[in-house]
Every structure is written in C-alpha cells, then in structure tokens.
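Observations on chain architecture
This is what each chain is made of:
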Amino acid sequence: MANTNMPKKAVLADAGDISHTLALAFDDDPMMRWFFPEAASREATLGRYFSTLFTRQYLANGVCERTDGAAAFWVPAEAQEKAVPDGDTIQELIAILGDRAGLFKEAVETAAGHTPGEPHWSLALIGAAPAAQGTGQGAALLRSGLAQADAAGTPVYLESSKAANLPVYEHFGFRVREEFALPGGGPLLWGMWRDPR
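Sequence order as written defines the numbering, with residues in each chain counted from 1. With the structure being a predicted model, the display of local features is reserved for residues of pLDDT at least 70 and the display and counting of side-chain atom pairs for 80 or more, all residues being used for whole-chain, interface and lining totals. The side-chain quantities take in all heavy atoms of the structure and omit both hydrogens and water.

1. What to know about the nonpolar core
Side chains of nonpolar character tend, in soluble globular proteins, to be buried together. For clarity, the threshold we go by: By nonpolar core we mean a set of buried residues, namely Ala, Val, Leu, Ile, Met, Phe, Trp, Tyr and Cys, connected to one another through side-chain atoms within 4.5 Å. Think of it in three bands: with a 1.4 Å probe and only protein chains considered, a residue is buried below 20% of the maximum accessible area for its type, exposed above 50%, and partly exposed in between. Helical segments are the DSSP runs of H or I of at least four residues, strand segments are the runs of E of at least two, and each set is numbered from the N terminus. The contact criterion used throughout is that any non-hydrogen atoms of two residues lie within 4.5 Å.
Judged by nonpolar contacts, the single largest core of 38 residues is most densely connected at L22, M32, F35, F36, Y49, F50 and F73. Every element with two or more residues in this core is listed here: α1 (15-25), α2 (30-35), α3 (39-61), β3 (70-75), α4 (87-97), α5 (101-114) and β7 (188-194). Those residues in contact with F36 that lie beyond four places of it in its chain are R42, T45, L46, Y49, I96 and L97. Judged by nonpolar contacts, the second largest core, of 21 residues, contains A70, A128, V156 and W190.

What follows is the structure in structure tokens.
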C-alpha cells in the first residue's frame, strides 16, 4: 500500500485534485467564509479560486507539494517578488470573487502591510481535506517545507485566520508575531514567524 503521507512535488496535472482538496479543507476557514459567504456554491467557487492560485501564481514561482489528501504552497525568499498575481490572474480572481472582490483587495493590501520586511520563506497556504485530517499528511507537508527553508537558513512566515490552527503551528516552532483584523468587518489574522533551525 502506498504511503499517502509522503509529500511529492505538485504538477499542473494535479490542479483538479489539489483544488478539490483545498476547497474541502478551507470550507470552515473564517477568511474563506468571509470571501465566499454562499454555502451552496462555496465548494465550487473555492475550487476555482485555489485552481487559479495554483496554476497561475504558485506553480511557477513557489514550492508546491501534495499528498493524497493535503497540499501546501510555499514561496522561497528569492521568489517573493515573482509570486504575485499578474493582471490576467487578478481579473480571473475578480470574476471568481464577484461583489467580494473589493473586500479581497483590501484584505490583500492589509496583509501585505503586515508582512515582515526581512528575507523569509512564506507558507502561502496549507490544507488537508477533512477525511485526511489527523492522518499526518499536513504535518508531513509542514516538515518538508520547513526542512527546505531550514536548509536555506531562512525564517518562515505564515498568516492564519483560524485560531484552532495556532497550536499546530506553534508545535512546529512558529510563534505569533502579530494579530490584526481585516478591514470591512473581516476576521482576525495571526501573523506567525519561525526562525530557521
């Protein structure tokens, strides 16, 4: 039987599986529920959103890894300026977000204002489908990315909008660096930092 916890490099052909996994993983995330409030269409819309981020933003400029039931997108320090959405990607995201696009833009700008200035890796996102939670797949992806950042001697930064995830990240050496609210009545975000080991 294959080891479902073993991280492997994600490729373009994985886009459908990864976007479905992440749509399930982020269904109860406060920030995703704020951007996509319609429960009936959330899974499909989140699938389009994550597929766009994966194929147009992180696949080319990040480190994308997956297991059978989880995925993680990392951005190395040297790729931070390249791993941003281009004009076409922004237009695609606006179409997906609809009337929430303005809130999304404000949220992205707010978060960018809190991003540390020193060189670092970013954990852009990580998620495990509910059926894979508790099986070690997310932990395997965290260990893999952190090992790469440690090999580069670089700290790691992430933002979480789910308070329940903070102890998990703390277990892997992160500490809360800052807490801030998104504008327009948005949820809290916790900026977390991990020094290299």
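2. Focus on the packing of α3 against α4
Let me state the cut-off plainly: Throughout, an axis means a line fitted to C-alpha atoms (over the contacting stretch in the case of helices), and angles, computed between N-to-C directions, take values from 0 to 180 degrees. Orientation labels follow simple angle bins: below 35 degrees gives roughly parallel, above 145 gives roughly antiparallel, 65 to 115 gives roughly perpendicular, and whatever is left gives oblique. Polar here means any residue outside two lists: the nonpolar Ala, Val, Leu, Ile, Met, Phe, Trp, Tyr, Cys and Pro, and the charged Asp, Glu, Lys and Arg; Gly therefore counts as polar.
Relative orientation of the contacting elements α3 and α4 amounts to 175 degrees, with a least axis distance of 10 Å. By the criterion of interaxial angle, the relationship of α3 to α4 is roughly antiparallel. In this structure, α3 uses T45, R48, Y49, T52, L53 and R56 to contact α4, whose residues at the interface are D88, T89, E92, L93, A95 and I96. Here the contact of α3 with α4 is built from residues that sort into five nonpolar, three polar and four charged.

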